[in-house]
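Chain residues, written in single-letter form:
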Amino acid sequence: MSRIKSVFAELKAQGKKALIPYITAGDPHPRFTVELMHTMVKHGADMIELGVPFSDPMADGPVIQRASERALAHRVGLRHVLEMVAEFRKEDDHTPVILMGYANPVEAMGVERFAEQARLSGVDGVLTVDYPPEECAEFVGLLQSKQIDPIFLLSPTSEPARVDLIVNQASGFVYYVSLKGVTGAKNLDMSEVAERVASIRTKTDLPIGVGFGVRDAATATAVAAVADAVVVGSRTVQMIEQSDEAALSQNLAGLIAELRQAIDAVH
Amino acid sequence: MQVYDMPDGRGHFGPYGGTFVAETLIEALDELRAMYERYRHDPEFLAEFAYDLKHFVGRPSPIYHAKRLSDQVGGAQIYFKREDLNHTGAHKVNNTVGQALLAKRMGKPRVIAETGAGQHGVATATIAARLGLQCVVYMGSEDVKRQAPNVYRMKLLGATVVPVESGSKTLKDALNEAMRDWVTNISDTFYIIGTVAGPHPYPMMVRDFQAVIGVEAKVQMQEMLGRQPDAVVACVGGGSNAMGIFYPYIDVDGVRLLGVEAAGHGIDTGMHAAPLTANSPVGVLHGNRTYLMQDADGQIIETHSISAGLDYPGVGPEHAWLKDIKRAEYVAVTDDEAMAAFHNLCRTEGIIPALESSHAIAYASKLAATMSKDQVILVNLSGRGDKDINTVARLSGITL
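On a predicted model such as this, the values are computed, not experimentally measured, just so you know. (Residues numbered from 1 in each chain as written. Chains lettered and ligands numbered in written order. Predicted model: local features only at pLDDT ≥ 70, side-chain atom pairs only at ≥ 80, totals over all residues. Heavy atoms only, no water.)

Asks: Can you break down the interface of chain A and chain B residue by residue, with the values?
Replies: Taken together, the contact between chain A and chain B spans 41 residues of the former and 35 residues of the latter. Taking both sides of the interface into account, the surface hidden between chain A and chain B amounts to around 3000 Å²; carbon and sulfur atoms contribute 48%. Summed over the shared surface of chain A and chain B, the number is 5 salt bridges. Salt-bridge contacts for Asp297(B) lead to Arg79(A); the nearest nitrogen and oxygen are separated by 2.7 Å. Counting across the chain A and chain B interface gives 20 residue pairs in polar contact (both at pLDDT 80 or more). Of all the elements in the fold, those that place two or more residues in the side of chain A that touches chain B are helix H3 (62–73), helix H4 (78–91), helix H5 (103–109), strand S6 (152–154) and helix H8 (160–169) of chain A. Looking at which element gives the most residues to the side of chain A that touches chain B, the answer is H5(A), with 5 residues. Per-class residue counts for the side of chain A that touches chain B are 20 nonpolar, 9 polar and 12 charged. (Contact = heavy atoms within 4.5 Å. Buried area = accessible area lost by both parts, 1.4 Å probe. Salt bridge = Lys/Arg side-chain N within 4 Å of Asp/Glu carboxyl O. Polar contact = N/O pair within 3.5 Å; in protein donor to acceptor, adjacent residues only side chain to side chain. Helix = DSSP H or I, 4+ residues; strand = E, 2+ residues; numbered from the N terminus. Nonpolar A, V, L, I, M, F, W, Y, C, P; charged D, E, K, R; others polar.)

Asks: Quick one: what's the story with unusual backbone geometry, residue by residue and with numbers?
Replies: Excluding glycine, a negative phi dihedral is what most residues carry, and trans is how most peptide bonds are arranged. Here the residue pair Met6(B) and Pro7(B) is connected by a cis peptide bond, since its omega of 0° sits within 30 degrees of zero. Relative to the elements of secondary structure, Pro7(B) occurs in the segment before strand S1 (12–13). In the segment running from His200(B) into Pro201(B), the intervening peptide bond is cis, with an omega of 10°. Mapped onto the elements, Pro201(B) comes out in the loop between strand S8 (189–191) and helix H9 (202–210). Its identity is not glycine, yet Gln147(A) carries a phi of approximately 60°, on the positive side. Note on placement: Gln147(A) falls in the loop between helix H7 (137–145) and strand S5 (149–150).

Asks: Help me get a handle on the layout of surface pockets, residues and values and all.
Replies: Empty pockets left among the atoms are what a rolling probe the size of a water molecule brings to light. All names here are of chain A. Estimated volume of the largest pocket: approximately 480 Å³. What lines the largest pocket is a set of 22 residues, among which Phe-8, Gly-172, Asp-205, Leu-206 and Pro-207 lie closest to the centre. Sorting elements by how many residues they give to the lining of the largest pocket places helix H1 (residues 3–14) first, with 5 residues. (1 Å grid on protein atoms, 1.4 Å probe; cavity = no way out; pocket = protein on both sides within 12 Å on 5 of 7 lines; lining within 4 Å. Points joined across faces, edges and corners; volume = space filled by probe spheres on them.)

Asks: Could you give me a rundown of empty space enclosed by the protein, with the residues and numbers involved?
Replies: One pass over the structure, following the stated rule, counts 10 cavities of 30 Å³ or more. If you add up the space inside the largest cavity, you get close to 380 Å³. As for the largest cavity, its lining consists of 30 residues, of which His91(B), Lys92(B), Gly309(B), Leu310(B) and Glu356(B) are closest to the centre. Looking at the lining of the largest cavity, the elements that each hand over two or more residues are strand S5 (110–115), helix H5 (119–131), helix H8 (171–184) and helix H11 (240–246) of chain B. Looking at side-chain class alone, the lining of the largest cavity contains 10 nonpolar, 16 polar and 4 charged residues. Approximately 110 Å³ is the volume attributed to the second largest cavity. Taken together, 14 residues form the lining of the second largest cavity, with Met58(A), Ala59(A), Ala22(B), Thr24(B) and Leu25(B) sitting closest to its centre.

Asks: Which residues make up the packing of H3(A) against helix H11 (residues 234–242) of chain A, and what values go with them?
Replies: All names here are of chain A. Axis separation between H3 and H11 bottoms out at 9 Å; the angle between their running directions is 50°. For the element pair H3 / H11, the angle class is oblique. Where H3 crosses over H11, the handedness of that crossing is left-handed. Each of Val-63, Ile-64, Arg-66, Ala-67 and Arg-70 in H3 lies in contact with H11, whose residues at this interface are Ser-234, Val-237, Gln-238 and Glu-241. Residue classes in the contact of H3 with H11 are distributed as 4 nonpolar, 2 polar and 3 charged. (Axes fitted to C-alpha atoms, helices over the stretch in contact; angles between N-to-C directions. Parallel < 35°, antiparallel > 145°, perpendicular 65-115°, else oblique. Left-handed = near helix turned anticlockwise from the far one by under 90°.)

Asks: How would you sum up the pattern of salt bridges? Please name residues and give values.
Replies: Residues and elements named next belong to chain B. One pass over the structure, following the stated rule, counts 44 salt bridges over all chains. For Lys-172, the salt bridge is made with Asp-173, and the minimal N-O distance between the two is 3.3 Å. Put simply, Glu-337 and Lys-366 hold a salt bridge, and the shortest N to O gap is 2.9 Å. Of the two residues, Glu-337 sits in helix H13 (residues 335–349) while Lys-366 sits in helix H14 (residues 355–369), which places them 29 residues apart along the sequence. With a relative accessible area of 30%, Glu-337 lands in the partly exposed category. Lys-366 sits in the partly exposed class, given a relative accessible area of 41%. Sharing partners across several salt bridges, the network here consists of Glu-37, Arg-40, Arg-207, Asp-208 and Glu-318. (Buried < 20%, exposed > 50% of the residue type's maximum accessible area, 1.4 Å probe, protein only.)

Asks: Describe the pairing of S5(B), naming the residues involved and giving the relevant values.
Replies: All names here are of chain B. With 6 of 6 residues buried, S5 lies mostly within the body of the structure. The side-chain alternation of S5 yields two buried faces, one formed by Arg-110, Ile-112 and Glu-114 and the other by Val-111, Ala-113 and Thr-115. The pairing of S5 with strand S6 (residues 134–140) spans 6 bridges and is classified as parallel. Bridging from a neighbouring strand, Glu-114 pairs with Tyr-138 of S6. Across 3 bridges, the pairing between S5 and S8 is parallel. Bridge pairing links Ile-112 to Tyr-191 in S8. (Pairing = 2+ DSSP bridges.)

Asks: An account of the nonpolar core is needed here, citing residue identities and associated values.
Replies: Core analysis: the biggest nonpolar cluster contains 125 residues, and Leu102(B), Tyr191(B), Phe246(B) and Leu378(B) have the highest contact counts within it. Per-element accounting of this core gives the leading share, 8 residues, to helix H1 (residues 23–39) of chain B. Dropping the residues within four chain positions of it, Phe246(B) is found in contact with Val232(B), Ala234(B), Leu257(B), Leu258(B), Gly259(B), His319(B), Leu322(B), Ala328(B) and Tyr330(B). Counting residues in hydrophobic clusters, the runner-up holds 71 residues, among them Val97(A), Val123(A), Val163(A) and Leu206(A). (Core = buried A, V, L, I, M, F, W, Y, C linked by side-chain atoms within 4.5 Å.)

Asks: I'd love a proper account of the packing of aromatic side chains, names of residues and values included.
Replies: Residues and elements named next belong to chain B. Under the defined criterion, the tally for this structure stands at 16 aromatic pairs over all chains. Consider the rings of Tyr-191 and Tyr-202, whose centres lie 6.1 Å apart with planes at 55°: the pair is tilted. Of the two residues, Tyr-191 is situated in strand S8 and Tyr-202 in helix H9; the sequence distance between them amounts to 11 residues. What makes Tyr-191 buried here is its relative accessible area of 0%. Under the relative-accessibility criterion, Tyr-202 is labelled buried at 0%. Three or more aromatic residues link up through ring pairs in this structure, and these residues are Tyr-36, Tyr-39, Phe-45, Phe-49 and Phe-209. (Phe/Tyr/Trp six-rings, centres within 6.5 Å; stacked < 30°, edge-to-face > 60°.)

Asks: Talk me through the sheet that holds strand S2 (residues 16–20) of chain B; I want residue IDs and the actual numbers.
Replies: Residue and element names in this part refer to chain B. Pairing is antiparallel in the open sheet, where 4 strands are placed in the order S1-S2-S12-S11. Taken across any chain shown, the strands that pair with only one partner, and hence form the sheet edges, are S1 and strand S11 (282–285). Alignment of S1 against S2, held across 2 bridges, turns out to be antiparallel. Across the sheet, the residue bridging to Phe-13 is Tyr-16, located in S2.

Asks: Explain the sheet that holds strand S9 (residues 231–235) of chain B residue by residue, including any values.
Replies: Residue and element names in this part refer to chain B. What the 6 strands build is an open sheet, ordered S3-S4-S14-S9-S10-S13; its pairing is mixed. Strands with a single pairing partner mark the edges of an open sheet, and in this sheet they are strand S3 (63–65) and strand S13 (328–334). Mean inter-strand twist for the sheet, computed between neighbouring axes without regard to direction, equals 30°. Pairing geometry for S9 and strand S14 (residues 376–381), over 3 bridges, is parallel. Counterpart to Ala-231 in the pairing with S14 is Ile-377. Lying on the sheet, H13 is in contact with S3, strand S4 (77–82), strand S10 (256–264) and S13; it crosses S13 at an angle near 90°.

Just geometry here; none of it tells us what the structure is for.
Okay, here's the thing in structure tokens:
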């Protein structure tokens with residue numbers, strides 16, 4: 001059983017929802033990334049979403065764009081991100097790691113080589129933002145042959161036929177984008193989220209994660225009430241951006257603990 | 001004879017093109033594709049497009065025999081397709097007229113655009129004013145500084161110009177920001193992309209709107225000379241003016257198609273904007289797969305050209321395909337060669353060309369010298385150079 005699947009199964013048995021925080025690999029400096037991953041797990045993260053820096057992050061808002069720029073200033077690329085995951089795996093063989101990034105770095109490495117290296121490094125899921133299902137059948141097959149889950153986005157504007165298409169290609173979980181906009185936007189409409197998540201549930205047994213607009217304990221609680229996983233990205237990155245290096249780990253730990261509490265408070 | 005019929009139903013030109021965007025944009029692209037399919041052959045829509053091209057843009061643009069230039073280079077006869085005489089001073093307006101008419105039919109009250117040198121931004125602001133649409137133009141903050149007159153032009157026309165501070169602060173970043181705006185304001189906003197790049201259906205749609213250039217040229221060359229040219233030459237950044245003049249000639253035997261990229265300081269210096277000529281790796285950016293200037297990690301690298309309109313790391317996917325099937329040839333011209341051609345044309349023909357078009361003129365002059373006097377080269381003179389006089393003066397050590 002994949003790590004993602006088994007973690008969702010454990011949480012379900014405990015009646016809990018998953019907390020999936022996002023950080024950009026290499027932000028603010030590559031030497032912090034593995035440590036921050038362990039910190040997040042220690043304080044309540046169930047899975048880690050690790051951003052692969054890209055020069056042109058079209059689907060991201062300003063907060064995550066700046067994180068990419070900080071990481072790129074240290075020339076952190078996909079190869080280094082995979083090394084970080086391998087380093088993380090030396091001490092943690094349980095927590096799933098999901099890479100989130102764009103197609104070009106993957107194509108530059110070569111899709112086959114990437115799939116193999118990702119497997120060797122201990123990557124569990126890959127979300128490639130600008131690979132809609134129509135354009136990546138070969139890639140999905142390669143990932144699945146390495147027991148890596150391809151994670152796909154579903155959006156408020158996805159028509160029912162597209163939802164069918166996507167849930168049939170996805171494994172691990174599906175990721176519902178809770179708003180029309182880029183990461184970190186502020187126009188979250190919870191009643192629409194609840195309605196859409198319920199509708200997606202009629203089409204798949206896969207767990208449903210919700211993200212793009214979760215920014216504090218209150219929104220995390222609201223999302224946890226309807227979804228199986230809460231993805232928090234811009235808020236964690238913002239915490240990193242605003243912290244002195246000395247306080248980085250502690251501040252992030254505090255934020256994750258707060259979100260954990262908010263999510264668990266649903267019950 | 002095999003008829004050229006690209007792209008396929010999902011926007012692929014062989015391995016290039018496609019729809020590489022986040023799920024949040026798919027619905028908007030589906031809607032756009034459906035609307036474009038509905039109107040692209042609709043007689044009423046086409047009549048309205050033709051009317052605006054004639055009465056607002058000033059089409060057809062003439063063909064001009066550059067006789068003194070031809071005599072000077074001493075070879076083939078050089079003719080210009082005078083897109084510089086269009087309203088707003090370049091070919092860009094052909095496409096913005098078409099897309100804005102589509103926006104109007106789709107009931108979108110707001111249009112957005114990206115711009116590099118500002119020509120597409122001005123063309124978009126112009127048609128938005130004419131149709132009473134709200135207009136927001138994204139422009140890299142570096143380009144805002146370099147192209148102040150065009151920024152002011154857009155403001156005069158009622159557009160809001162948003163300087164983009166992310167990444168390299170140039171055209172590619174303006175495109176990223178326009179995409180982000182679009183995904184956030186999908187319900188009321190139409191994104192007018194200025195070149196034959198981006199996700200399907202943009203490369204096809206922009207090509208179709210620009211094809212008026214080549215359609216006219218075929219008729220005009222027949223009328224003037226009773227024959228078609230031996231070679232058609234056009235500059236290529238994203239590649240919209242080149243696609244516009246190439247497309248109607250693809251199935252015409254015996255006509256060479258030559259795209260001229262910006263070699264900047266020279267291809268071997270790495271400081272250029274010529275992904276086709278340099279044979280850059282294939283990758284994915286701005287919604288399509290194409291040749292792309294990038295480093296070993298797949299990060300997009302900064303480009304260099306004296307001409308802001310050619311300063312782009314990718315190229316329209318149809319050009320990538322035409323290169324691979326060898327229907328078109330791609331070459332590059334340096335900043336210095338383009339500048340020399342700019343000055344030469346001012347003095348031999350009384351035409352101040354855009355720096356972008358100067359690349360095509362530089363190459364056509366070299367090519368003409370290798371050909372005989374009874375042969376014909378048609379150059380797409382895609383824009384006029386008024387916008388570039390500050391750049392040219394600065395390079396000549398003159399402050400205006």
